[in-house]
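Results of the structural survey
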Amino acid sequence: MTRAEFEAELRKLIQAFETGTGNERCVACVSCERCVDCTFCRNSKALQRCHYCVDTQRSSDSTHCRGCRDLIACSHCVASERCTQSSYLVRSVDCTGCTYCFGCVGLVRKDFHILNQPYDRGTYFKVTAKLMRELGLSAGTGAEPAAAPSRTAAAQR
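Everything in this summary refers to the structure shown in the same document. None of these values were measured; they are calculated from a predicted model.

What counts and how
- Residues numbered from 1 in each chain as written.
- Predicted model: local features only at pLDDT ≥ 70, side-chain atom pairs only at ≥ 80, totals over all residues.
- Heavy atoms only, no water.
- Pairing = 2+ DSSP bridges.
- Helix = DSSP H or I, 4+ residues; strand = E, 2+ residues; numbered from the N terminus.
- Disulfide = S-S within 2.5 Å.
- Buried < 20%, exposed > 50% of the residue type's maximum accessible area, 1.4 Å probe, protein only.
- Salt bridge = Lys/Arg side-chain N within 4 Å of Asp/Glu carboxyl O.
- Contact = heavy atoms within 4.5 Å.

1. Here we look at the sheet that holds strand β2 (residues 99-102)
- Taken in spatial order, the four strands make up an open sheet running β1-β2-β3-β4, and their pairing is mixed. Each edge of the sheet is formed by a strand with only one pairing partner; in this case those strands are β1 (87-90) and β4 (117-118).
- Pairing analysis gives three bridges linking β1 to β2, with the strands arranged parallel. Bridging across to β2, Val90 finds its partner in Phe102.

2. Topic: the state of the cysteines
- Taken as a whole and judged by the stated rule, the model has zero disulfides.
- Summary of cysteine pairing: Cys50 is not part of a disulfide, and the nearest cysteine sulfur, belonging to Cys53, is at 4.5 Å.
- The class of Cys50 is buried, set by a relative accessible area of 0%.
- In this structure Cys101 is not part of a disulfide, and its nearest cysteine sulfur, from Cys104, lies 4.3 Å away.

3. Quick word on the pattern of salt bridges
- This model, assessed by the stated rule, comprises seven salt bridges.
- Here Asp37 ties to Arg25 by a salt bridge, and the two come within 2.8 Å at their closest N and O atoms. Here Asp37 is found in the loop between α1 (3-19) and β1, whereas its partner Arg25 is found in the loop between α1 and β1, with twelve residues between them in sequence.
- A relative accessible area of 57% places Arg25 in the exposed class.
- The partner of Arg82 in a salt bridge is Glu81, with the nearest N and O atoms 3.6 Å apart.
- Where salt bridges share partners, they join Glu24, Arg25 and Asp37 into one cluster.

4. With respect to the environment of Asp61
- Here Asp61 is to be found in the loop between α1 and β1.
- According to the relative accessible area criterion, Asp61 is partly exposed, its value standing at 37%.
- Remark: the alpha-carbon pair of Asp61 and Ser75, spanning 14 residues in sequence, is separated by 8.8 Å.
- If sequence neighbours within four positions are ignored, Asp61 has contacts with Gln48, Arg49, Cys50, Ala73 and Cys74.

5. So, the pairing of strand β3 (residues 111-114)
- Pairing of β2 with β3, which is carried by three bridges, proceeds in the parallel orientation. Bridge pairing links Thr99 to Asp111 in β3.
- Here β3 runs beside β4; their pairing, made up of two bridges, is antiparallel. Bridge pairing links Ile114 to Gln117 in β4.
- In textbook terms, the turn of a hairpin is the stretch between consecutive antiparallel strands, and for β3 and β4 this stretch comprises two residues, one of which, Leu115, has a positive phi near 50°.

So, in structure tokens, the structure goes:
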């Protein structure tokens, strides 16, 4: 095989892959393309083993993410890109092992940061709730999780 033959065949394979729209072994996915082993995703492309993702592209092993790209093993992220093993990120890029970061770039193993600056938990949720409204992002995406019932309330039952 010559270099020219190899290059021509490779171009054909890439074009066939990029123009294909079929999903494999997906369950209840809607308007998705080139996804594999996903469940309940919508309007997404090239996902692998993702669940409940919406408007997300080229991600794997992620759940409940919206408007994201190139995530690996992330959950509950919004409008984030190239993040790995992170949760509850909003508009963050290139973060690894982070939780509750908003507008952060390049952080590793950080929690409760806004624009790469640390915040205490309470302040983080107050500031990000306002930012979510200002930026027109919907609640339930990086916002404070629902509070667990108090012990006294549980004991009264």
